[in-house]
Amino acid sequence: MQKKNTEPAAKTTAKLLWVQRAWKAGKHNAFTDLCYFRQRYYLVFREASTHHSKDGMLRIMSSVQGKKWRTLAVLQNPDADLRDGKLTVTPDGRLQLLAAAAFHDKTKQAYQSYLWHSPDGKNWSEPKAAGEADYWLWRLSWLRDQAYAVAYKCGVDRHIRLYQQNAKGQFDVIAPRIYGEGYANEAALIFDDNDKAWCLLRKDPDHGQLGYSRPPYTQWQWMDIGCRIGGPAAIFTPSGQMLAMVRLYDETVRTSLVTLDQNTGKLTELLALPSGGDCSYAGMVLHQNKLLVSYYSSHQGHCSIYTALLSVEVQAATS
């Protein structure tokens with residue numbers, strides 16, 4: 001078994017500076033992500049009639065400070081509901097969008113993940129299939145010039161697997177079954193300064209899991225985080241503290257900023273954002289000690305998109 005970290009845990013505090021509703025025009029607005037590219041923030045979310053309707057499309061918006069947003073593009077597929085867009089910046093300086101298509105006609109396949117690229121957030125390439133049919137590539141992460149993606153199997157035999165992008169841009173399976181217990185599904189994949197991979201995993205209706213693996217990422221160890229979560233997004237602070245945005249289910253459903261102890265896997269809630277009901281699925285961008293978050297919530301009526309700015313302070317623990 002791999003050794004866990006032995007450094008004492010840091011003390012992290014967070015304060016909400018502001019929160020605002022960024023978009024409410026659609027009937028159901030949800031499943032956000034956020035990135036920073038060429039001095040601007042870019043936001044993506046699904047806009048549709050309901051949580052599971054067939055008319056889901058992806059709206060991409062931009063903002064200089066994260067408060068005033070303007071639409072740059074809307075992506076649609078007449079044959080599918082587009083869901084769970086995730087934004088990253090490629091090493092060659094392009095915006096990259098990963099999303100899943102839930103097909104209306106499921107006789108051949110039910111789901112397919114796709115990639116789009118853009119130089120400016122406004123003009124997007126034609127979608128290119130990524131990964132295998134009926135494997136939902138939940139999030140793509142870059143480790144220098146190499147892309148990795150974690151996916152979960154849709155349908156029977158629930159499990160998650162890890163893909164690595166090859167020189168032709170296609171995704172090869174490098175670990176076919178990194179977790180296979182219960183209903184494992186949504187996952188946040190990040191890398192620390194030592195190239196160790198970390199995966200924060202949703203597992204319904206059970207407690208979430210925190211996994212870690214060293215190159216070549218074929219062998220994984222897992223820890224119980226102590227509670228149920230949904231829609232995980234995660235980042236590392238410059239000091240190496242793991243922060244995540246998740247949906248929490250205890251007491252009242254809410255969207256919260258949490259920390260994860262890399263020694264034990266324990267989740268600690270730092271700050272609950274104004275949220276409730278159908279909510280969460282956040283994007284996170286950290287600049288210095290300011291964290292911009294995108295998320296959705298129905299606490300003010302129908303599901304709307306929100307952005308919030310938080311100050312985050314990490315104090316190194318003393319031995």
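Each chain carries its own residue numbering, running from 1 in the direction its sequence is written. Given that the model is predicted, a residue must reach a pLDDT of at least 70 before its local features are reported, and side-chain atom pairs must reach 80 or more before they are shown or counted; all residues, however, enter totals for whole chains, interfaces and linings. As a convention, hydrogens and water are excluded, and side-chain values are obtained from all of the structure's heavy atoms.

Right, let's get into the nonpolar core. In terms of nonpolar packing, the biggest core is built from 40 residues, with Ile160, Leu162, Leu189, Tyr217 and Trp220 touching the most fellow members. Where helices and strands are cited, they refer to DSSP runs of H or I of at least four residues and of E of at least two residues respectively, numbered from the N terminus. With four residues, strand S14 (residues 183–191) is the single largest residue contributor to this core. Any two residues whose heavy atoms approach within 4.5 Å are treated as being in contact. Setting aside chain neighbours within four positions, we find Tyr217 in contact with Leu143, Tyr148, Leu162, Ala175, Phe191, Asp195, Lys196 and Ala197. Here, the term nonpolar core denotes a set of buried Ala, Val, Leu, Ile, Met, Phe, Trp, Tyr and Cys residues that are joined through side-chain atoms within 4.5 Å. The cut-offs for exposure are 20% and 50% of the maximum accessible area for each residue type, with area from a 1.4 Å probe on protein chains only; residues under the lower value are buried, those over the upper are exposed, and the others partly exposed. Counting 20 residues, the second largest nonpolar core, distinct from the first, contains Cys35, Leu75, Ala80 and Phe103.

Another point: empty space enclosed by the protein. Of the grid points, spaced at 1 Å and generated over the protein atoms alone, those admitting a 1.4 Å probe that cannot get out make up cavities, while open sets with protein on both sides within 12 Å along at least five of seven lines make up pockets; any residue with an atom within 4 Å of a point is treated as lining. Grid points are joined across faces, edges and corners, and a volume is the space filled by probe spheres set on the points. Applying the stated criterion across every chain yields a total of one cavity of 30 Å³ or more. Looking at the largest cavity, its volume works out to about 40 Å³. Along its surface, the largest cavity is lined by Thr32, Lys86, Trp138, Arg139, Gly231, Pro232, Tyr281 and Ala282. Of all elements in the fold, only strand S10 (135–143), strand S18 (229–236) and strand S22 (280–287) reach the threshold of two or more residues within the lining of the largest cavity.

So, about the sheet that holds strand S12 (residues 160–165). DSSP calls a pair of strands paired once it identifies at least 2 bridges connecting them. Within the open sheet, the four strands sit side by side as S10-S11-S12-S13. Their pairing is antiparallel. Among the strands making up the open sheet, the edge pair consists of S10 and strand S13 (171–179). Between one strand and the next, the sheet's axes are offset by a mean angle of 25°, whatever the strand orientation. The sheet contact formed by S12 and S13 spans five bridges and is antiparallel. Within S13, the residue paired with Gln165 across the bridge is Phe171. Angular values range over 0 to 180 degrees, each being the angle between N-to-C directions of two axes fitted as lines to C-alpha atoms, with helices fitted over their stretch in contact.

The buried count for strand S20 (residues 254–260) comes to seven of seven residues, which makes it a mostly enclosed element. Neither face of S20 is open: one carries Arg254, Ser256, Val258 and Leu260, the other Thr255, Leu257 and Thr259, and all of them are buried. Two strands pair when backbone bridges link them, and strand S19 (residues 242–248) and S20 are joined in this way by seven bridges, in the antiparallel orientation. Within S20, the residue paired with Met242 across the bridge is Leu260. Where S19 folds back on S20, the antiparallel hairpin that results is connected by five residues, among which Glu251 adopts a positive phi of roughly 60°. When S20 meets strand S21 (residues 267–272), the two strands line up antiparallel, connected through five bridges. The partner of Leu260 across the bridge, within S21, is Leu267. Where S20 folds back on S21, the antiparallel hairpin that results is connected by six residues, among which Gly265 adopts a positive phi of roughly 85°.

With that out of the way, let us pick up the environment of Leu137. One can find Leu137 in strand S10. Overall, Leu137 belongs to the buried group, its relative accessible area being 1%. What Leu137 contacts, discounting residues up to four positions off in sequence, is Leu98, Ser113, Ala130, Gly131, Ala149, Val150, Ala151, Tyr163 and Phe171.

Here, a salt bridge means any Lys or Arg side-chain nitrogen found within 4 Å of an Asp or Glu carboxyl oxygen. Applying the stated criterion across every chain, the model contains 15 salt bridges. Of the charged contacts in the structure, one is a salt bridge between Arg139 and Asp33, with a shortest N-O distance of 3.5 Å. Of this pair, Arg139 sits in strand S10 while Asp33 sits in strand S2 (residues 28–37); the two residues are 106 residues apart in sequence, bridging distant segments of the chain. Accessibility classification places Arg139 together with Asp33 in one group, the buried group. Close ionic contact of Asp204 with Arg202 constitutes a salt bridge, the shortest N to O distance being 2.7 Å. Neither residue differs from the other here; Asp204 and Arg202 are each classed as buried. Three or more residues joined by partner-sharing salt bridges are found here, namely Glu186, Arg202, Asp204 and Arg228.

Turning next to the state of the cysteines. Cysteine sulfur atoms are paired as a disulfide whenever they come within 2.5 Å of each other. According to the stated counting rule, one finds zero disulfides in the structure shown. Cysteine Cys154 is unpaired, with the sulfur of Cys199 as its nearest cysteine sulfur at 16 Å.

Right, let's talk about the sheet that holds strand S16 (residues 209–213) for a bit. Sheet architecture is open: four strands sit in the order S14-S15-S16-S17, paired in antiparallel fashion. For this open sheet the edge positions go to S14 and strand S17 (221–224), each flanked by a neighbour on one side alone. For this sheet, the mean inter-axis angle between neighbouring strands, taken without regard to orientation, is 25°. Of the pairings in the sheet, the one linking S14 to strand S15 (residues 197–204) comprises seven bridges and is antiparallel in character. Across the sheet, Ala188 pairs through a bridge with Leu200, a residue of S15.

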